[in-house]
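Okay, here's what each chain looks like letter by letter:
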Amino acid sequence: MTKLESLKQDLIGKFNIKDYKFIHSVGDDIVEIPKADVLALLRHLKSSGRFDFLMDVCGVDYPNREKRFDVVYHLFSSKDGSRLRIKTQLAEGEAVETATRAWKAADWFEREAWDMFGVKFTGHLNLRRILTHHQFVGHPLRKDYEADAQQHCDVALPIHFDNEEGRDGNVLDENLVPLNIGPSHPAMHGTLRVMVELEGETIRRAGCEIGYLHRCFEKMAETHPYNQVIPYTDRLNYCSAPMNNVGYCKAVEKLLGVEIPPRAQAMRVILCELSRIIDHIVAVGTGGVDLGALTGFFHLFTYREKVYTLFEKLCGARLTVSMTRVGGMAQDAPEGWFDDVLAFCKDMRGQVDEITKLMLENKIFIKRTQGVTPVSAKEAIEWGYTGPLLRACGVNLDLRKLTPYYGYDQLNFDVPVGTNGDIYDRYLVRIEEMRQSIRIIEQVCKNVPGGDYTIRDKGIVLPDKKDVYGNIEGLMNHFMLIIKGLRPPVGETYDATEAANGELGFYLISDGSGTPYRLKVRPPCFAIYQSFPTLVRGTMIADAIATIASMNLIAGELDR
Amino acid sequence: MSSKNSMNNSSDNSASSSSDLLRSALVDSLQDPTPGTGYAGLTPDVALHQAQLRAGEDLSRSFAFTTRLEAVVAWGRKNALWPLPYGTACCGIELMSVMGPRYDLARFGAEVVRFSPRQADLLIVAGTITEKMGPVLVQIYQQMLDPKYVLSMGACASSGGFYRAYHVLQGADKVIPVDVYVPGCPPTPEAVLDGLMVLQKMIANNQPRPWKENWKSPYDKA
Ligand code: SF4
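What counts, and at which threshold
Residues numbered from 1 in each chain as written. Chains lettered and ligands numbered in written order. Predicted model: local features only at pLDDT ≥ 70, side-chain atom pairs only at ≥ 80, totals over all residues. Heavy atoms only, no water. Helix = DSSP H or I, 4+ residues; strand = E, 2+ residues; numbered from the N terminus. Rg over C-alpha atoms; globule rule 2.2 N^0.38 Å. Buried < 20%, exposed > 50% of the residue type's maximum accessible area, 1.4 Å probe, protein only. Contact = heavy atoms within 4.5 Å. Areas by Shrake-Rupley, 256 points an atom, 1.4 Å probe, with all protein chains shown as cover. Lys, Arg positive; Asp, Glu negative; His and termini not counted. Charge placed at Lys NZ, Arg CZ, Asp CG, Glu CD. Core = buried A, V, L, I, M, F, W, Y, C linked by side-chain atoms within 4.5 Å. Expected span 1.5 Å × (residues − 1). Domains from an automatic or database assignment. Buried area = accessible area lost by both parts, 1.4 Å probe. Salt bridge = Lys/Arg side-chain N within 4 Å of Asp/Glu carboxyl O. Polar contact = N/O pair within 3.5 Å; in protein donor to acceptor, adjacent residues only side chain to side chain. Nonpolar A, V, L, I, M, F, W, Y, C, P; charged D, E, K, R; others polar. Pairing = 2+ DSSP bridges. Axes fitted to C-alpha atoms, helices over the stretch in contact; angles between N-to-C directions. Phe/Tyr/Trp six-rings, centres within 6.5 Å; stacked < 30°, edge-to-face > 60°. Lys NZ or Arg CZ within 6 Å of the ring centre and 35° of its normal. Near = heavy atom within 4 Å.

1. So, the overall build of chain A
Move 1: On a plain count of helices and strands, chain A comes out with 20 helices and 15 strands.
Move 2: Over its C-alpha trace chain A gives a radius of gyration of 23 Å, about what one expects of a compact globule, namely 24 Å for 560 residues.
Move 3: Buried positions account for 62% of the 560 residues belonging to chain A.
Move 4: Considering only contacts within chain A whose residues lie at least 6 apart along the sequence, 67% involve residues at least 24 apart.
Move 5: Per element, the accessible surface of chain A, about 20,200 Å² overall, is 53% carbon and sulfur.
Move 6: If the 67 positive side-chain charges of chain A are averaged to one point and the 75 negative ones to another, these points end up 1 Å apart.

Right under this line is the structure:
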């Protein structure tokens, strides 16, 4: 019995499944249900233990349909890695009950869906704009909103907080000191804004405002051909750009139903793990800076430069590499590149030991981080934590192990987990992950498969330049693919990879044209950051700074 | 002290004669034993200032003289830029490399990074500026003390880059005056260093900056 059938059996009698549609397509399980049942079904699936994560909530717009909007819930089970997509249809002006009553994780995702599409969630306490500015009119991801219709904002919002049951977030407490931090503040990484109310140095209430780097990634994806979206994905988590390239291309390839050659897989794994290392370098290095430890930053960044040199050798760019293409890689690695990578690994290994001593065994560092803002495993799952932060809470969840791709199951590596879920454990896990990444890279580099670096399907991949200029067939193929574009079949899929910060998911809908119909990114730090106001309540202001640093928030993927 | 006649000889050598004048005035003041006016107890630049004042009396504000003064000041300014790294996006990450050990902005005298606009005179806009960020950027710029300069790093800060999108400002210069644009997405650290050197040259030459002089905040209602 497939998972979908067993689910159906389970629901018989409990729900009126006559109106339900059970669909299995492109490897994903989907259930379409009427909107009245959404909350009850979510609650049932959660309490019956079938699914423990709510990964994403998003909207889709079909302006020509009678009920214009889809609201899509992505569920995930950490036990067997199975996923379920629940979809419901809403007409303009209709509302669905908020999923925050089942999962806290739904909070910001629903706000985003409202901001982007104008779908309402009844019972959501803070249904206000999240990514666009407060003077924005309309909902930009609707199909009838022009991609470049800019609206100016002439004033920043004053200090405000989230509404709570029986309490208006805009009314400040007269007995407390309001304090605004950011977005232009060294600890706020240029784009985050945190507002707090203080009693002495203790935080009584906190709130965050995001969207200062909302660059309309999803709208841009809808207006560009599939391969031209790749450079935009670079700029999601720009600290580890190749991982976003890989995640996106993997989703498109899944929809196309193609598998990339072993050599391309190996190269992607190497790129991903190198990126994981530099991402953690930035997280640990700047995390130290936020605590006042500058040495680690300079130390570590020397090694990040070395990885950038490797990237530069591979493709000419340092940060925004755009190295993958749908179907494989853009080009093969130059001669000796894999040896260079191995040499770097050897170097880096000693460096990780050094940084362990410098940070993790440093008395001040320990005092500042141990026992600060701990998160329990249950809470973390509730909020939708993934990646190093979830593992720091003691949950052994890594997509590379649970649902392996690109041959991760053939590789020997461990998944480090923490125990307390405090700031110290978060760094502990990150630093240990660097070691594991080095292990992975070394294994892959030592036997890189031969063969081609990309598939050669004429409808997907451009022919080699020598063919384009050398023979008429190559020229024709090139011409057709450029004019017609790469066109995946009509359908939709959700695909996730384990990025440096956690689960990076791409929900891709194709209408058979040359551009994606909808591309929703599930950024790991978006789910994590929404827990921040709750987490820091009652702590010291300096601990809040340390907490925000440990979350490694990358505005590019947070705000998209 | 040399006479005013030397000033009237010809316009060609006025610059050199006035600098001689300055030097002799400076030497005078350094040797001046009077407390409070001489070198004793004073920092050299105060002494220099006094020397300039005296020479100024003699020269009654000759054009050549002020040029020299400005040259000295510009020399100081250009080699002690204090940047405020306004890193909002990917370019900000590359800016870290510029500051970091390999490219080392300190070699150009601009390593004293200040996150407080009151302590900085070079605003490096590194990254996309969104509509939401616009008012914040303007506020930061207004809080900086004169003289101040703006370097826009990368395609986004210079023109919106490849984000021709509903929430992206099409260049920081839509709201603040920009002195140097560094192309790239992101620019290589070398390009940023080059941009800084261009700015240094502008400062050294006292290049007029009408875009700054005529700037008004786009958000001022009045
Ligand atoms: S110019 Fe390119 S690298 Fe710089 S902020 Fe814009 S997108 Fe990022």
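2. Digging into the nonpolar core
Move 1: Residues Tyr73, Tyr385 and Tyr529 of chain A are the most contacted members of the largest nonpolar core, which totals 194 residues.
Move 2: With 13 residues, helix α7 (residues 262–290) of chain A is the single largest residue contributor to this core.
Move 3: Among all residues touching tyrosine 385 of chain A, those that are not within four sequence positions of it are Phe53, Val375, Ala380, Leu390, Ile528, Ser531, Leu535 and Met551 of chain A.
Move 4: In terms of nonpolar packing, the next biggest core, distinct from the first, is built from 24 residues, Leu122, Leu151, Val180 and Leu196 of chain B among them.

3. Here we look at helix α16 (residues 472–484) of chain A
All names here are of chain A.
Move 1: Under the 1.5 Å per step criterion, the end-to-end length of α16 is 18 Å for 13 residues, consistent within 8% with the ideal 18 Å.
Move 2: Turning to α16, the residues buried within the fold contact α15 (465–470).
Move 3: Within two residues after α16, glycine 485 carries a phi angle of roughly 85°, on the positive side.

4. Overview of the environment of glutamate 165 of chain A
Residues and elements named next belong to chain A.
Move 1: For glutamate 165, the position within the fold is in the loop between β7 (120–122) and β8 (177–181).
Move 2: On the accessibility criterion, glutamate 165 (72% relative accessible area) is exposed.
Move 3: Put simply, glutamate 165 and glycine 327 are 162 residues apart on the chain and 50 Å apart in space, counted from C-alpha to C-alpha.

5. Observations regarding the domain arrangement of chain A
Residue and element names in this part refer to chain A.
Move 1: According to the domain assignment, chain A contains domain 1 (3–122) and domain 2 (224–550).
Move 2: For domain 1 versus domain 2, the distance between C-alpha centres works out to 28 Å.
Move 3: Here domain 1 and domain 2 share an interface that buries about 2,800 Å² over both sides, 60% of which is from carbon and sulfur atoms.
Move 4: It is Phe53, Lys104 and Trp108 that lose the most area in domain 1 upon contact with domain 2, and together they represent 24% of the buried surface on that side.
Move 5: For the interface between domain 1 and domain 2, the tally reads seven salt bridges.
Move 6: The tally of links between domain 1 and domain 2 comes to 16 residue pairs in polar contact (both at pLDDT 80 or more).
Move 7: At the level of elements, β2 (28–32), β3 (53–61), β4 (69–76), β5 (83–90) and α3 (106–117) are the ones that each hand at least two residues to the side of domain 1 that touches domain 2.
Move 8: In terms of residues, the side of domain 1 that touches domain 2 owes the most to one element, β3, which gives eight residues.
Move 9: Here the side of domain 1 that touches domain 2 is composed, by residue class, of 17 nonpolar, six polar and 13 charged.

6. Quick notes on the environment of threonine 302 of chain A
Residues and elements named next belong to chain A.
Move 1: Topologically, threonine 302 is positioned in helix α8 (residues 295–315).
Move 2: Judged by its relative accessible area of 32%, threonine 302 falls in the partly exposed class.
Move 3: Sequence separation between threonine 302 and glycine 514 is 212 residues, and the spatial gap between their C-alpha atoms is 42 Å.
Move 4: Here histidine 299 takes part through its backbone oxygen, which lies 3.2 Å from a polar atom of the side chain of threonine 302.

7. Quick look at the pattern of salt bridges
Residue and element names in this part refer to chain A.
Move 1: Taken as a whole and assessed by the stated rule, the structure comprises 53 salt bridges over all chains.
Move 2: Ionic pairing is found between aspartate 70 and arginine 65, a salt bridge with its closest N-O pair at 2.9 Å.
Move 3: Taking the relative accessible area as the measure of exposure, aspartate 70 reaches 4% and is therefore buried.
Move 4: Its salt-bridge partner being arginine 263, residue aspartate 332 comes within 3.0 Å of it at the nearest N-O pair. Taken together, the residues aspartate 332 in the loop between β12 (328–329) and α9 (337–360) and arginine 263 in helix α7 connect sequence positions 69 residues apart.
Move 5: Using a relative accessible area of 13% as the deciding quantity, one classes arginine 263 as buried.
Move 6: Within this structure, Asp28, Arg65, Asp70, Arg85, Lys87, Lys254 and Glu492 form a network of salt bridges that share partners.

8. Some remarks on the sheet that holds strand β9 (residues 193–199) of chain A
Residue and element names in this part refer to chain A.
Move 1: Taken together, three strands build an open sheet; the order of strands is β8-β9-β10 and the sheet is antiparallel. Only two strands of the sheet have a single partner each, and these edge strands are β8 and β10 (202–209). For this sheet the average axis-to-axis angle between neighbouring strands, irrespective of direction, equals 20°.
Move 2: Where β9 meets β10, seven bridges bridge the pair, whose relative direction is antiparallel. Across the sheet, the residue bridging to glutamate 197 is arginine 205, located in β10.

9. Re helix α5 (residues 90–99) of chain B
Move 1: The buried fraction of α5 of chain B is high, at ten of ten residues.
Move 2: Those residues of α5 of chain B that fall on the buried side of the exposure criterion are Cys90, Cys91, Gly92, Ile93, Glu94, Leu95, Met96, Ser97, Val98 and Met99 of chain B.

10. Section: the packing of aromatic side chains
Move 1: Scanning the entire structure with this criterion turns up 26 aromatic pairs over all chains.
Move 2: A centroid spacing of 5.5 Å and a plane angle of 90° characterise the contact between tryptophan 108 of chain A and tyrosine 529 of chain A, whose relative ring orientation is edge-to-face. Note that tryptophan 108 of chain A is positioned in helix α3 and tyrosine 529 of chain A in helix α17 (residues 524–529), a separation of 421 residues in sequence.
Move 3: With centroids separated by 4.8 Å and ring planes inclined at 85°, the aromatic side chains of phenylalanine 162 of chain B and tyrosine 163 of chain B adopt a geometry described as edge-to-face.
Move 4: By the ring-pair criterion, three or more aromatic residues cluster together here, those being Trp108, Phe109, Phe526, Tyr529 and Phe532 of chain A.
Move 5: When the ring centre of tyrosine 517 of chain A is taken as reference, the NZ or CZ atom of lysine 143 of chain A above it lies at 3.9 Å.

11. Overview of the site of the ligand
Move 1: Taken together, 14 residues lie near the ligand, and Arg235 of chain A together with Cys90, Cys91, Cys156 and Cys185 of chain B sit nearest.
Move 2: Looking at what sits near the ligand, you find residues from chains A and B.
Move 3: Looking at the shell around the ligand element by element, the count peaks at three residues for helix α7 (residues 154–159) of chain B.

12. Observations concerning the interface of chain A and chain B
Move 1: Between chain A and chain B, the contact holds 54 residues from the first and 37 residues from the second.
Move 2: For the pairing of chain A and chain B, the buried interface totals around 3,800 Å² over both sides, and the portion due to carbon and sulfur atoms is 64%.
Move 3: At the boundary of chain A and chain B, one finds three salt bridges.
Move 4: Aspartate 148 of chain A is the salt-bridge partner of arginine 164 of chain B, the closest N and O atoms lying 3.5 Å from each other.
Move 5: The interface formed by chain A and chain B includes 22 residue pairs in polar contact (both at pLDDT 80 or more).
Move 6: Looking at the side of chain A that touches chain B, the elements with two or more residues in it are α4 (217–222), α5 (230–234) and α8 of chain A.
Move 7: Element by element, the count of residues in the side of chain A that touches chain B is highest for α8 of chain A, at nine residues.
Move 8: Per-class residue counts for the side of chain A that touches chain B are 28 nonpolar, 15 polar and eleven charged.

13. Considerations on the side chain of asparagine 552 of chain A
All names here are of chain A.
Move 1: Position of asparagine 552 relative to the elements: it lies in the loop between α19 (541–550) and α20 (555–559).
Move 2: Residue classification places asparagine 552 among the buried positions, given a relative accessible area of 3%.
Move 3: A polar contact is formed between the side chain of asparagine 552 and the side chain of aspartate 279, at a distance of 2.9 Å.
Move 4: The residues contacting asparagine 552, other than those within four sequence positions of it, are Asp279, Ala283, Arg430, Asn501 and Cys525.

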